[in-house]
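In case you want the letters, here they are:
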Amino acid sequence: MPTTKKLVYFFGGGRAEGNARMRELLGGKGAGLHELTRIGVPVPPGFTITTQACVYYYAHRRQYPKGLDSQLTTNLQRIEKILGRRFGDRDNPLLVSVRSGARESMPGMMDTVLNLGLNDSTVEGLIRRTRNARFAYDCYRRFIQMYADVVLGLKSTDKAADDPFERILEKKKKNRGVRFDTELDAEDLKEIVTAFKAMIRDYCRKDFPDDPHDQLWGAIGAVFGSWNNDRAIAYRELYKIPHSWGTAVSVQAMVFGNLGENCATGVAFTRNPSTGEKDFYGEFLVNAQGEDVVAGIRTPRPIMELKTIMPKSHAQLQKICNAIEKHYKEMQDIEFTIENDKLWLLQTRSGKRTGFAAVRIAVDMVEERIISKRDALLRIEPDQLNQLLRPIFDQNDKERAKKEGRLLGEGLAAGPGAATGRVVFHADDAVTWKNRGERVVLCRIETSPDDIRGMDAAQGILTARGGMTSHAALVARQMGKVCVAGCESLHIDYAARTLHVDHTELKEGDWISIDGSTGEVIKGEIKTLPAEVLQVLLAHSPDPQGSRVYQQFAKLMKWADEVRKLGVRTNADQPDQAQIARAFGSEGIGLCRTEHMFFQGERIQAVREMILADDEAGRRRALAKLLPMQKQDFKGILKAMDGLPVTIRTLDPPLHEFLPKNEQDICELADVMGVPVATLQDKVNVLHEFNPMLGHRGCRLGISYPEITEMQAQAIFEAACELRREGKNPFPEIMIPLVGSRQELHEQRNIVDRVAQETMKSYGIKVRYLVGTMIELPRACIVADEIAREAAFFSFGTNDLTQTCLGLSRDDAGKFLPSYVLQGLLPADPFVSIDEDGVGALMRIAIAKGRKTHKRLEMGICGEHGGDPKSVNFCHQIGLDYVSCSPYRVPIAKLAAAQAALQH
Ligand code: PEP
Ligand code: MG
């Protein structure tokens, strides 16, 4: 005889058929309830219908699997036996809750029904048992209201129309001349029940189901059904939860926190979820049901007060929480109810926490010998470390601003941290305003390299367009600037110097606040707090010993360093950026973009002269002006990274980026160069490119104008020789960009080697150096074995490799890429997380081919992906030697690298 599959698992009376490891079958909530019962925590008895039953239900046109009926009846009887109450009994009725619970928590997305089992006769039994008619009728009217919403689908489709239940309640209160629901007595509530039922009959053209068994099956069907409501589907799409999983349903005996003054309900955390402090944290309401806490109708009280009101329950709750945390070895978030001084637990799950709390809890738990260092490293989301490094908004101030309706919109959280300042729209204004002591937020439709000084001067950068690798985002991260990019709801009018969001207008000089950790843009000023870790690392104040957050951060980093295999370098173009990265433990510079140096001070003029010169002699004259400045830059950066490799890339961007754009600039330059304005204008026009990203850039510049590479090499080696003379140990790695063939690299390398020899000879000094290449074109990956003959190292430029592999312009993709990700056509933004199947496959080819030629060829990555934890994990797996990322992401990359080493 075929045995029927087990579809229902029981828990109660100290025994449970399931356990914590059965999340897949029993859902997170179900598995938690079974585990709590097992370890002796008081949990109201109940049973869980498996996710498999839900999957069957959907696969068979909403039919329940065979055997569910009888298994449900058997398990209902087991609850009855434990409690000595019967479901549907008119004298001593059992009431149940019917709750959803998927494998992964989907907070608030699916449905729940409470107080199920009530009808006109069982309500009398409840009155007899509790001797509280008001309570019983309040449960009854709540049940009808919830059941009608969840099971009967009695929802208003018109958002503007008011809730028909609320209308009845309001009318009753008005008639009775009272303000609150709590002022209605049993008789009022009884009449409300009758009115509710009549209204349901009108709306649904059928009677409210009185039979508790019908009610139960209706609720189970509705909870299964809620797996596929719009909210739940959207949530799963957002968090990549498979639609095929289905939800479990837990049916559990009701306990009541609303029976009187010796009853309560609340939530508690075993540690403080915002600071991580080991204190018992939570809130509760006396004489209330769970939904009242969540709905925010009444303000809950801090859990400390429970100690005074119900000392015994408080002590018991605290003891149980300690036991649960010890059992799970993780901070727990629990729900509890106290019914007539008896404590019950209704849920436990690992608690959500801030980055501060995540680090503190993990480190504390290692020290308390609850978990290992390995567990601690694996438990923290690397991105959460951001919160320890950035200035942050005062949370209370921000919440207040949002409550006041000052949230203007949300963009991409491109540069984490908090910035508040006055709105300016132009880079030079940002500089001027800053110089007169103002704090500013630079608001641009999008930014260009021209804005770099303004970006530097600003507290934060806000753009209406652009993605995560847009110029603004990339430069902001590198500078450690707060940045919100691509906030599409902003309308910026440069001419009027205004910014609009719907009907709100901000003028130049008005205050604005941006949260680069969440993407929120808020009108007005919000208080910020500086990151303590940074103060300790850079200013040595407070003293490291006196800063707990620093101590814990440093410990975590030390543990990460002990296990990671990947090196971590930084992308930096300036000594101060290098210093910050070094303080975070960066092991060198993986990318110095020399063109960023060209934009500083008066250099742009010399650069323009060089580009617009008619011949080599003219170019050399301009380059001679740049040489001493570049040399100083390189000295600074090599010194800051003394003893560590510094990868310096030769000039890369399209030439037109340096060109004068407006008439005034052209006139000024024509004057300096001694040429007619019209001639200069012609030259500018000639240099225009239709697709500059694929145009005259990268090594193509050095091939067309070898004297540029010459000058840069000379600046590097003069700087290095002088530092050697000062007793320092510089180690430049010269990197040639956008190489697609061996010959290109060969040409450029010859120049660098020749200049290196000449310079070292003239100084009489030897400098250790390497010449290598970026791998950022598909062709370079395919012919990597050939290219490796000329290269001492490869560094993957995954920004360009992504754009060229996918044929997606990094500057324009923002217009359609987000919808691709939303529609599931791409798993994630490939400019944020490496497209492993495409770009990743090219990288694997390049690594294999490169190492075939040159077994120990040094390989790294310097695209923005080098600071993305998921991509760092991938880089570990494909065998790179190091990742390079913006200075503030160094700790994040270290933690991600440690996690990769522990996982693979
Ligand atoms: C890259 O392409 O990944 C890279 C690092 O270079 P850039 O972003 O400067 O083009
Ligand atoms: Mg590139």
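As the structure is a computational prediction, the values presented were derived from the model and not from experiment.

Novice: Even after reading the chapter, I still don't get the overall build of the chain, so can you show me in this structure?
Specialist: Within the chain, the regular secondary structure consists of 37 helices and 34 strands. On the principal axes, the C-alpha backbone points of the chain span a range of 105 × 60 × 55 Å. A burial count over the chain gives 57% of its 904 residues as buried. Taking contacts inside the chain between residues at least 6 apart in sequence as the whole, the part at least 24 apart equals 69%. Counting every atom, the chain has about 38800 Å² of accessible surface; 49% of that belongs to carbon and sulfur. The average position of the 121 basic charges and that of the 119 acidic charges among the side chains of the chain differ by 6 Å.

Novice: What should I look at first to understand the coordination of the magnesium ion (ligand 2) in this one?
Specialist: Metal coordination angles in their ideal form are 109.5 degrees for the four-donor tetrahedron and 90 or 180 degrees for the six-donor octahedron. Listed as protein donors to the magnesium ion (ligand 2) are E776 (OE) and D800 (OD); their distances from the metal cover 2.0 to 2.2 Å. Here E776 is found in the loop between strand 31 (770-775) and helix 31 (778-782), whereas its partner D800 is found in helix 33 (residues 798-806), with 24 residues between them in sequence. Here E776 falls in the buried class, since its relative accessible area comes to 2%. Take D800: its relative accessible area is 3%, and that puts it in the buried class.

Novice: What is the right way to read the side chain of T122 from this model?
Specialist: Mapping T122 onto the fold places it in helix 4 (residues 122-130). Relative accessible area serves as the criterion here: at 0%, T122 is assigned to the buried category. Among the polar contacts made by the side chain of T122, one reaches the main-chain carbonyl oxygen of G117 at a distance of 3.0 Å. In this structure T122 touches G88, D89, R90, P93 and G117, once residues within four positions along its chain are discounted.

Novice: When you look at the site of ligand 1 in this model, what are you seeing that I'm missing?
Specialist: In the vicinity of ligand 1 there are 14 residues, among which R593, E776, G797, N799 and R810 approach most closely. Between ligand 1 and R649, the relevant distance is 2.9 Å, taken from an oxygen atom to a side-chain nitrogen or oxygen of the residue. Within the side chain of D800, one N or O atom sits 2.9 Å away from an oxygen atom of ligand 1. Burial of ligand 1 by the protein chains amounts to 95% of its free accessible area of 290 Å². Breaking the shell around ligand 1 down by element, the ones donating at least two residues are strand 28 (589-593) and helix 33. Taken together, the residues that form the shell around ligand 1 break down as three nonpolar, four polar and seven charged.

Novice: Explanation requested: the pairing of strand 34 (residues 882-885) in the structure shown.
Specialist: When a strand is regular, its side chains alternate between the sheet's two faces. Because side chains alternate across strand 34, one face comprises the buried residues Y882 and S884, and the other comprises V883 and C885, equally buried. Note that strand 27 (residues 567-571) and strand 34 share four bridges and pair parallel. Note that in strand 34 the partner of V568 across the bridge is V883. Note that strand 33 (residues 858-861) and strand 34 share two bridges and pair parallel. Each residue of the ladder has a partner; that of I861, found in strand 34, is V883.

Novice: What exactly am I supposed to notice about the pairing of strand 10 (residues 281-286) here?
Specialist: Bridging between strand 9 (residues 264-269) and strand 10 involves six bridges; their strand directions are antiparallel. By the bridge assignment, A268 is partnered in strand 10 with G282. Pairing between strand 10 and strand 11 (residues 301-302): two bridges, direction antiparallel. Each residue of the ladder has a partner; that of E283, found in strand 11, is P302.

Novice: In this structure, what is going on with unusual backbone geometry? I would like to understand it.
Specialist: A negative phi angle is the norm for most residues apart from glycine, just as the trans form is the norm for most peptide bonds. P542 follows S541 through a cis peptide bond whose omega is 0°. Located in the positive-phi region is N115, a residue other than glycine, with phi close to 65°. Tracing the sequence through the fold places N115 in strand 7 (residues 112-116). The buried category is assigned to N115, whose relative accessible area is 1%. Here the phi dihedral of R369 falls at roughly 60°; this positive angle occurs in a residue that is not glycine. Within the secondary structure, R369 is located in the loop between helix 13 (355-367) and helix 14 (373-379).

Novice: Where do I start with the sheet that holds strand 31 in this structure?
Specialist: Strand pairing in a sheet takes place through backbone hydrogen bonds and is either antiparallel or parallel in direction. Taken in spatial order, the eight strands of this closed barrel run 27-28-29-30-31-32-33-34, and their pairing is parallel. Across the sheet, the mean angle from the axis of one strand to that of its neighbour is 30°, orientation sign disregarded. The sheet contact formed by strand 32 (residues 793-796) and strand 33 spans four bridges and is parallel. Looking at the pairing, F793 lines up with E858 of strand 33.

Novice: How should I be thinking about the nonpolar core in this particular structure?
Specialist: Note that soluble globular proteins tend to have their nonpolar side chains buried in a common cluster. Counting residues in each nonpolar core, the largest one holds 150 residues, and the members touching the most others are L556, F584, F794, F796, M843 and L880. Element by element, the count of residues in this core is highest for helix 29 (residues 706-725), at nine residues. Ignoring any residue separated from it by four or fewer positions in sequence, one finds F794 in contact with T773, I775, A784, I787, A788, A846, G850, L857, E858, M859 and G860. Counting 60 residues, the second largest nonpolar core, distinct from the first, contains L126, A148, L184 and C263.

Novice: Honestly, the pattern of salt bridges in this entry has me stumped. Any pointers?
Specialist: It is possible for side chains of opposite charge to pair when their charged atoms get near one another. Summed over the entire model, instances satisfying the criterion amount to 66 salt bridges. The shortest N-O distance in the salt bridge between E368 and R271 comes to 2.7 Å. With E368 in the loop between helix 13 and helix 14 and R271 in the loop between strand 9 and strand 10, this residue pair connects regions lying 97 residues apart in the sequence. Residue classification places E368 among the partly exposed positions, given a relative accessible area of 31%. Among the residues examined, R271 registers a relative accessible area of 0% and is labelled buried.

Novice: Sorry if this is basic, but what is going on with the sheet that holds strand 16 (residues 412-415) here?
Specialist: Spatially, 15-25-24-17-18-19-20-16 is the arrangement adopted by the eight strands of the open sheet, whose pairing is mixed. At either end of the open sheet lies a strand with only one pairing partner, and these are strand 15 (407-410) and strand 16. Adjacent strand axes in the sheet meet at a mean angle of 30°, parallel and antiparallel pairs treated alike. Judged from the three bridges that link them, strand 15 and strand 25 (residues 520-523) form a sheet pairing that is antiparallel. Looking at strand 25, one finds that G409 is bridged to V521. Running over the sheet, helix 16 (residues 395-403) touches strand 15, strand 24 (511-515) and strand 25 and is turned about 75° from strand 25.

Novice: What am I meant to see in the packing of helix 25 (residues 616-640) against helix 29 here?
Specialist: Packed helices, taken two at a time, are described by the angle their axes make and the gap between the axes. For the pair helix 25 and helix 29, interaxial distance at closest approach is 8 Å and the crossing angle is 35°. Handedness of the crossing formed by helix 25 with helix 29: right-handed. A per-class count over the contact of helix 25 with helix 29 returns 12 nonpolar, three polar and 10 charged.

Novice: What am I meant to see in the environment of Q743 here?
Specialist: As for its position among the elements, Q743 is in helix 30 (residues 742-763). Accessibility expressed as a relative area gives 55% for Q743, which makes it exposed. In the structure, Q743 is positioned 561 residues away from T182 in sequence and 84 Å away in space, judged by C-alpha atoms.

Novice: Quick question: what am I supposed to make of the environment of Q289 here?
Specialist: Relative to the elements of secondary structure, Q289 occurs in the loop between strand 10 and helix 10 (290-295). When sequence neighbours within four positions are dropped, the list of residues in contact with Q289 reads L114, N115, C139, R142, M254, F256, N258 and T265. At 3.0 Å, the side chain of Q289 and the side chain of N115 are in polar contact.

Cut-offs applied
- Residues numbered from 1 in each chain as written.
- Chains lettered and ligands numbered in written order.
- Predicted model: local features only at pLDDT ≥ 70, side-chain atom pairs only at ≥ 80, totals over all residues.
- Heavy atoms only, no water.
- Helix = DSSP H or I, 4+ residues; strand = E, 2+ residues; numbered from the N terminus.
- Buried < 20%, exposed > 50% of the residue type's maximum accessible area, 1.4 Å probe, protein only.
- Contact = heavy atoms within 4.5 Å.
- Areas by Shrake-Rupley, 256 points an atom, 1.4 Å probe, with all protein chains shown as cover.
- Lys, Arg positive; Asp, Glu negative; His and termini not counted.
- Charge placed at Lys NZ, Arg CZ, Asp CG, Glu CD.
- Donors = N, O, S within 2.8 Å, 3.2 Å for Na, K, Ca; no water.
- Polar contact = N/O pair within 3.5 Å; in protein donor to acceptor, adjacent residues only side chain to side chain.
- Near = heavy atom within 4 Å.
- Nonpolar A, V, L, I, M, F, W, Y, C, P; charged D, E, K, R; others polar.
- Pairing = 2+ DSSP bridges.
- Axes fitted to C-alpha atoms, helices over the stretch in contact; angles between N-to-C directions.
- Core = buried A, V, L, I, M, F, W, Y, C linked by side-chain atoms within 4.5 Å.
- Salt bridge = Lys/Arg side-chain N within 4 Å of Asp/Glu carboxyl O.
- Left-handed = near helix turned anticlockwise from the far one by under 90°.

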